[in-house]
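Letter by letter, the chains look like this.
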Amino acid sequence: MTEQIKKDLEELSQAIGVSSRERRVVRIIKEKIEPLVDELKIDLSGNLIATLKGTEKNGPVLLLDAHTDEIGVMIRHISPDGFLYFAKIGGFVDLLFPGQTVILAPDDETKKTVIGVIGLKPPHITKGETKVPNPEDLAIDIGAKSAEEAESWGITIGTTGTLLGKFFEISNGRVIGKAFDDRTGCVVLIELLRRLSKERPKGTIVFNFASAEEVGGRGATTAAYQVRPAMALAIENTTAADTPGVAPQDCPTMLGKGPAITVADRSLIVNQKILEHLQHLAKKKNIPYQFKKPLSGGTDAGRIALVREGIPSGVVSVPCRYIHSPISLLELKDIERTCDLVEAFARTFHEIL
Ligand code: CO
């Protein structure tokens, strides 16, 4: 099972899908889940919404949400000599950019992806400058000799891309790569579809592979409105900070300690019944778990909870170090255990309605 999870994560996290430009990612997911589900659609917001009907006719509906988008860059200016200036899409730390390799995905899919670098002045010509440059002043060098050449490769104002990060398995079942936030959640949802389609739960489960979380939960909002679930869980990838220089009280989650159950973050204070039921299931099934310490971050669940008359919502996350960077690091076992916990929830959520 871990091998399948690793394969899915590598494939999905290496695809490029910046907010509202997720179709390359959506295509891969659609291909994997199409044979498993009863209904499948891509809505006007770019959400991929799949339905697995429960054994009970007209039974309650649980919405499971994982976002397909990743943070990235959008080209905002092409200089006459072919350098690309960019705007940030989503929450990057500014000191990350200098010296990075960038991959751009032309909207015209007949064109290939384009690789470039955010170059640094070599020490030979710097005058002792140590300040972190403003990303707005940085340019991507794609090797083009003119704006026309860049445009002939499909690069235009509005082209999106992200920082390149190769996928590697390192020691102890840990992997590094880009976009684990939230392709990890997508992997969990795909694995759940495999399990639940084999032995259906009582309730109906709607899976939303959500667009545009990183710019404010846009896809989750419109999907929740149309699905109208009785309850929802967002499956996320969250900050593990069990690393040098972080005090224990500032560490939201730790690697290898199992799924992180959110009590409260900046977007949501989790529904009490959901919180208790998740803990109850973890204990009953002997699944190691941890709490995500309040109050950092926010997720799609915060948006879903505010749709219509309010939808009881919770969050289960896979801990990940160096999140929102191209060298995120996580432990595959945590993904597997997250699947176990969310599967147990999907099979029993009707008990707490
Ligand atoms: Co996320």
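From a predicted model like this one, the values you see are computed outputs, not experimental measurements.

**Regarding the overall build of the protein**
Then comes step 1: Looking only at helices and strands, the protein has eight helices and 17 strands in total.
Then comes step 2: Over its C-alpha atoms the protein spans a radius of gyration of 21 Å, differing by no more than 12% from the 20 Å that the globule rule assigns to 353 residues.
Then comes step 3: For the protein, the spread of C-alpha atoms along the three principal axes comes to 65 × 45 × 40 Å.
Then comes step 4: Per-residue burial for the protein yields a buried fraction of 54% across its 353 residues.
Then comes step 5: Counting contacts in the protein only where the partners sit at least 6 residues apart, residues at least 24 apart contribute 76% of the total.
Then comes step 6: Put simply, the protein shows about 15500 Å² of open surface, and 53% of that area lies on carbon and sulfur atoms.
Then comes step 7: Taking the average place of the 44 positive charges on the side chains of the protein and the average place of its 46 negative ones, the gap between the two points comes to 3 Å.

**Structural notes on the packing of aromatic side chains**
Then comes step 1: As enumerated under the stated definition, the model contains four aromatic pairs in all.
Then comes step 2: By way of ring pairs, the aromatic residues Phe 86, Phe 92 and Phe 97 are connected into one cluster.
Then comes step 3: Directly above the ring of Tyr 225 sits Arg 308, whose terminal nitrogen or CZ lies 3.9 Å from the centroid.

**A few points about the packing of helix 6 (residues 272-284) against helix 8 (residues 332-348)**
Then comes step 1: Interhelical geometry of helix 6 versus helix 8 gives an angle of 115° and a closest axis separation of 10 Å. Relative to helix 8, the crossing made by helix 6 is right-handed. Contact with helix 6, carried on its side by Ile 274, His 277, Leu 278, Leu 281 and Ala 282, involves Leu 341, Ala 344, Phe 345 and Thr 348 of helix 8 and no other residues of that element.
Then comes step 2: A class-by-class count of the residues in the contact of helix 6 with helix 8 yields seven nonpolar, two polar and no charged.

**Quick notes on the coordination of the cobalt ion**
Then comes step 1: Coordination of the cobalt ion by the protein involves His 67 (NE2), Asp 181 (OD), Glu 236 (OE) and Glu 236 (OE), with metal-donor separations of 1.9 to 2.5 Å.
Then comes step 2: Seen from the cobalt ion, its four donor atoms lie at angles of 52 to 141°, and the figure they make is irregular.
Then comes step 3: When the donors of the cobalt ion are listed by position in the chain, the intervening gaps give H-x113-D-x54-E. A residue pair is termed long-range when its members are at least 10 positions apart, and His 67 in strand 3 (residues 61-67) and Glu 236 in strand 13 (residues 231-239) qualify at 169 residues.

**So, the sheet that holds strand 15 (residues 290-292)**
Then comes step 1: In spatial order, the strands read 1-2-12-3-13-16-14-15; together these eight strands make up an open sheet with mixed pairing. The open sheet has two edge strands, strand 1 (39-42) and strand 15, and neither has a second partner. Shown here is a sheet whose adjacent strand axes are inclined to one another by a mean of 25°, direction ignored.
Then comes step 2: Here seven bridges tie strand 3 to strand 12 (residues 204-210), and the two strands are oriented parallel to one another. Note on strand 12: the bridge partner recorded for Leu 64 is Phe 207.
Then comes step 3: Each of strand 2 (48-52), strand 3, strand 12, strand 13 and strand 16 (313-320) touches helix 4 (residues 180-198); the most contacted strand, strand 3, lies at about 145° to it.

**Considering helix 1 (residues 2-14)**
Then comes step 1: A rise of 1.5 Å per residue sets the reference length of helix 1, with its 13 residues, at 18 Å; its end C-alpha atoms lie 18 Å apart and thus fit the reference within 8%.
Then comes step 2: Each element contacted by the buried residues of helix 1 is listed here: helix 2 (23-33), strand 10 (168-169), strand 11 (174-177), helix 4, strand 17 (328-331) and helix 8.

**A look at helix 5 (residues 218-227)**
Then comes step 1: For helix 5, the complete set of buried residues consists of Gly 219, Ala 220, Ala 223, Ala 224 and Val 227. Angularly, the buried residues of helix 5 cover 125° about the axis, an arc narrow enough to put them on a single face.
Then comes step 2: For helix 5, the secondary structure elements touched by its buried residues are strand 2, strand 3, strand 12 and helix 7 (300-304).
Then comes step 3: Just downstream of helix 5 lies Arg 228, where phi reads positive at about 50°.

**Concerning the domain arrangement of the protein**
How big an interface is tends to be reported as the loss of accessible area on association of its parts.
Then comes step 1: Split into domains, the protein comes out as domain 1 (2-70 + 178-352) and domain 2 (72-163).
Then comes step 2: Listed by partner, the interface residues are 14 residues for domain 1 and 16 residues for domain 2.
Then comes step 3: Approximately 1300 Å² of surface area, both sides summed, lies buried where domain 1 meets domain 2, with 56% of it carried by carbon and sulfur atoms.
Then comes step 4: A per-residue breakdown of the area domain 1 buries against domain 2 is headed by Ile 16, Val 18 and Arg 24, which together make up 38% of the total.
Then comes step 5: Between Asp 107 and Arg 21 there is a salt bridge, with its nearest N and O atoms 3.8 Å apart.
Then comes step 6: In this structure, the connection of domain 1 to domain 2 is made through five residue pairs in polar contact (both at pLDDT 80 or more).
Then comes step 7: Each residue belonging to the side of domain 1 that touches domain 2 can be placed in one class, and the counts come to four nonpolar, three polar and seven charged.

**Re the sheet that holds strand 8 (residues 139-141)**
Then comes step 1: Around the barrel, which closes on itself, the six strands sit in the order 4-5-8-7-6-9 with antiparallel pairing between neighbours. Strand-to-strand twist of the sheet, defined as the mean angle between neighbouring strand axes without regard to direction, takes the value 45°.
Then comes step 2: Bridging between strand 7 (residues 114-118) and strand 8 involves two bridges; their strand directions are antiparallel. Bridging from a neighbouring strand, Ile 118 pairs with Ile 140 of strand 8.

Conventions we followed
Residues numbered from 1 in each chain as written. Predicted model: local features only at pLDDT ≥ 70, side-chain atom pairs only at ≥ 80, totals over all residues. Heavy atoms only, no water. Helix = DSSP H or I, 4+ residues; strand = E, 2+ residues; numbered from the N terminus. Rg over C-alpha atoms; globule rule 2.2 N^0.38 Å. Buried < 20%, exposed > 50% of the residue type's maximum accessible area, 1.4 Å probe, protein only. Contact = heavy atoms within 4.5 Å. Areas by Shrake-Rupley, 256 points an atom, 1.4 Å probe, with all protein chains shown as cover. Lys, Arg positive; Asp, Glu negative; His and termini not counted. Charge placed at Lys NZ, Arg CZ, Asp CG, Glu CD. Phe/Tyr/Trp six-rings, centres within 6.5 Å; stacked < 30°, edge-to-face > 60°. Lys NZ or Arg CZ within 6 Å of the ring centre and 35° of its normal. Axes fitted to C-alpha atoms, helices over the stretch in contact; angles between N-to-C directions. Left-handed = near helix turned anticlockwise from the far one by under 90°. Nonpolar A, V, L, I, M, F, W, Y, C, P; charged D, E, K, R; others polar. Donors = N, O, S within 2.8 Å, 3.2 Å for Na, K, Ca; no water. Tetrahedral: all angles 85-135°; square planar, octahedral: opposite > 155°, others 65-115°. Pairing = 2+ DSSP bridges. Expected span 1.5 Å × (residues − 1). Arc of directions from axis to C-beta. Domains from an automatic or database assignment. Buried area = accessible area lost by both parts, 1.4 Å probe. Salt bridge = Lys/Arg side-chain N within 4 Å of Asp/Glu carboxyl O. Polar contact = N/O pair within 3.5 Å; in protein donor to acceptor, adjacent residues only side chain to side chain.

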